[in-house]
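Summary of structural features
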Amino acid sequence: MSNIPADLKYTKSHEWVRQGQNGAVEIGITDHAQSALGDLVFVEVPDVGRALRAGDACAVVESVKAASDVYSPMTGKVTASNAALASQPELLNQDPYGAGWLFRLETSESADAAVLMSAAAYAGFLADESK
Amino acid sequence: MGLKTPLYDVHVLQGAKIVDFGGWDMPLHYGSQIEEHHAVRRDAGMFDVSHMAIVDVRGGRVREFLRFLLANDVARLKSSGKALYSCMLLPNGGVIDDLIVYQLSDTWYRLVVNAGTRTKDLAWIRSHAAAYAVAVAERQDLAMIAVQGPNARHKAASLLAPPQQSTVLDLKTFCGAEFGNWFVARTGYTGEDGFEIMIPASEAAAAWNQLHAQGVKPAGLGARDTLRLEAGMNLYGNDMDESHHPLESGLTWTVAFEPLSREFIGRSALENARRSGGPELVGLILEDRGVLRSHQKVMAAGLSESVPAGEVTSGTFSPTMNRSIALARVPFPANAAVQVDIRGKLHAARIVKPPFVRHGKALIEI
């Protein structure tokens, strides 16, 4: 079973969102996603300052096997991106909810209000997907 | 559910992530593809390659038959146990498949062909065999395990009794030996030393487990692909196919044009192609970060825009070189500086001569 922290929100495209203070959110890909992709060898994160709309393809994660787009779960402006992933893409495999975070957004949306899934709903979604 | 090799249950027990490969349920990796890759480069790994088709061809005129069927010349096999890599061609020179042929005796040869092409291969072989009264038998009773890496041969030799161990350890590259219903050959698809072992399907799981106990690491198709690409070896369906002949697939060395008196299927088409020239298969190293993938376009920097683009045929990340590498079919000179279109952005790459890696060492300076 993959790890699905209860305090995060999730998308159907396997991103997670961590709600911070004052409209700041942190975004990454889930444990299920990193496991399905396999060993990651290249990660491209969005530039700081870039304006994103929810659903925009804004990052790329490449495993030995294939390249996959990462979609922004929310609308906002990029305030930080994880530069460590350039030299250590394996952080994303090792710690997808911590050191493997992808980028942070400043947003006027609330992760609670946005069309995101709870941990329980995401677990149910994964169970349905594997049927 | 797809076809299963005799080792399928063992793979599942060992935690393999199973994927469909040409209709077969095969292990992609057992946890980390990159660790499996390094195990083969540094120590010993093993692959279940039982999905490949083993085809025995026998008859008094079998040699004459294979000299007509294959683009390489089995007359180069001077003794039993010797192996040869060859393409099997259409009359227009397109590659039906690539294969290894082993000479087991004067009247008995063994072909190992790709899993995804087995049906068309067998139909093609049979359609020509009849004229030579050659019997064609697919050996579905056999499994095949490739044990590869610098320590692979010594670890694998432990499967055999002591007198046989010295026989297999004395085998030269591209040579094999029979031990009852086992056949052990010093061949592979990784750029490392090792054996490919054909054994009765009923004995496969025991052999696999014994190799595992010797410290041979199970490795999946993922590592097999990165290893073969580092070794500069073609993959059928990517780097060669029925739409491309061997001369534009980096396989000129496998075509025996001499002796001129030997007629073989595809010969006249290849002779025409040799005269007219054409695109070539080359190696690429990406100078930037990123990963080369098949079907990406390759542009020559500084050449006129009328020069058509080339195309990546196989691309991946090289775990040994920590850089992306590829094979590409390009219509421009091999000394051209090139750029590859990766998701709409041009990235600088360098044309190099494969292999990229052999016997654990990068052969090309980054």
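Note that the structure is a prediction, hence the values are computed from the model and not measured. (Residues numbered from 1 in each chain as written. Chains lettered and ligands numbered in written order. Predicted model: local features only at pLDDT ≥ 70, side-chain atom pairs only at ≥ 80, totals over all residues.)

1. With respect to the overall build of chain B
Test applied: Strands are runs of DSSP state E lasting at least two residues, helices are runs of H or I lasting at least four, and both sets are numbered from the N terminus onward. Only C-alpha atoms enter the radius of gyration, while the globule expectation follows 2.2 Å times N to the 0.38, with N the number of residues. Each residue is classed by its C-beta neighbour count within 10 Å, where at least 20 other C-beta atoms makes it buried, 12 or fewer makes it exposed, and intermediate counts make it partly exposed; the C-beta atoms are placed from backbone geometry. Once C-beta atoms are placed from the backbone, any two residues with those atoms within 7 Å are in contact.
Helix and strand counts for chain B stand at 9 helices and 21 strands. In summary, chain B has a C-alpha radius of gyration of 21 Å against a globular reference of 21 Å for 366 residues, a match within 12%. Expressed as a percentage of the 366 residues in chain B, the buried residues total 46%. Sequence separation of at least 24 residues holds for 69% of the intrachain contacts in chain B that already meet a minimum separation of 6.

2. Notes on unusual backbone geometry
Residues and elements named next belong to chain B. Look at the link from Glu258 to Pro259: it is a cis peptide, with omega at -5°. Along the chain, the position of Pro259 falls in the loop between α8 (221-230) and α9 (267-276). Here the amide bond leading from Pro354 into Pro355 is cis, since omega sits at 5°, within 30 degrees of zero. With respect to the helices and strands, the residue Pro355 is situated in the loop between β19 (345-352) and β20 (357-358). Positive phi outside glycine occurs at Phe174, with the angle close to 65°. For Phe174, the location among the structural elements is in the loop between α6 (162-169) and β10 (176-179). A residue is classified by how many C-beta atoms lie within 10 Å of it, and Phe174, with 17 of them, is partly exposed.

3. Digging into the pairing of strand β9 (residues 103-106) of chain A
Residue and element names in this part refer to chain A. Stated formally: Two strands pair under a simple rule: DSSP has to find at least two bridges between them.
When strand β3 (residues 24-29) meets β9, the two strands line up antiparallel, connected through 4 bridges. Within β9, the residue paired with Ile27 across the bridge is Phe103. Taken together, the 4 bridges between strand β8 (residues 76-81) and β9 define a ladder with antiparallel strand orientation. Its bridge partner lying in β9, Ser81 is registered against Phe103.

4. A short note on the pairing of β3(A)
Within a regular strand, the side chains alternate between the two sheet faces. All names here are of chain A. The buried fraction of β3 amounts to 5 of the 6 residues, a majority that puts the element mostly inside the structure. Relative to β3, strand β2 (residues 15-19) is paired through 5 bridges, and the arrangement is antiparallel. If you follow Gln19 over to β3, its bridge partner there is Val25.

5. Quick notes on the sheet that holds strand β13 (residues 217-218) of chain B
Residues and elements named next belong to chain B. Put simply, the rule reads: Only the stretch in contact is used when fitting a helix axis, every axis being a line fitted to C-alpha atoms; angles between N-to-C directions are given from 0 to 180 degrees.
Pairing is mixed across the open sheet formed by 6 strands, whose spatial order is β10-β11-β12-β9-β3-β13. Looking at strand neighbours, the two that pair on one side only are β10 and β13, the edges of this open sheet. Taken together, the 2 bridges between strand β3 (residues 45-48) and β13 define a ladder with parallel strand orientation. Following the sheet pairing, Met46 is matched in β13 by Pro218. On top of the sheet, helix α2 (residues 33-42) reaches β3, β9 (142-148) and β13; it is set at about 115° to β3, its chief contact.

6. Observations regarding α2(B)
Residue and element names in this part refer to chain B. Across the 10 residues of α2, 7 count as buried, placing the element largely inside the fold. Along α2, the residues classified as buried are Gln33, Ile34, Glu36, His37, Ala39, Val40 and Arg41. In this fold, the buried residues of α2 make contact with β2 (24-29), β3, β9, β13 and α8.

7. Details of the interface of chain A and chain B
For the record, the criterion: Put simply, Ala, Val, Leu, Ile, Met, Phe, Trp, Tyr, Cys and Pro go in the nonpolar bin, Asp, Glu, Lys and Arg in the charged bin, and everything else, Gly too, in the polar bin.
At the junction of the two partners, chain A supplies 8 residues and chain B supplies 12 residues. Partitioned by chemical class, the residues of the side of chain A that touches chain B number 4 nonpolar, 1 polar and 3 charged.

8. With respect to the confidence of the model for chain B
As a reminder, the rule being used: Scored from 0 to 100, pLDDT records how confident the predictor is in each individual residue.
When pLDDT is averaged across chain B, the result is 96; 99% of the residues are at 70 or more. Model confidence for the complex: the whole-complex pTM is 0.92, and ipTM, which rates the interface, is 0.79.

9. Concerning the environment of B:Met321
Note that B:Met321 resides in the loop between β16 (310-318) and β17 (323-330). Contacts of B:Met321, omitting those with residues within four sequence positions, involve B:Phe356, B:Val357, B:Ala362 and B:Ile366.

10. Description of the domain arrangement of chain B
All names here are of chain B. Short version of the rule: Where each domain starts and ends comes from a domain assignment, either automatic or drawn from a database.
According to the domain assignment, chain B consists of domain 1 (8-49 + 141-230) and domain 2 (279-362). One C-alpha centre belongs to domain 1, the other to domain 2; they are set 30 Å apart. Between domain 1 and domain 2, the residue contacts involve 12 residues of the former and 13 residues of the latter. Elements supplying a minimum of two residues to the side of domain 1 that touches domain 2: α2 and α8. Here the side of domain 1 that touches domain 2 takes 5 residues from α2, the largest share from any one element. The residue inventory of the side of domain 1 that touches domain 2, partitioned by class, reads 3 nonpolar, 4 polar and 5 charged.

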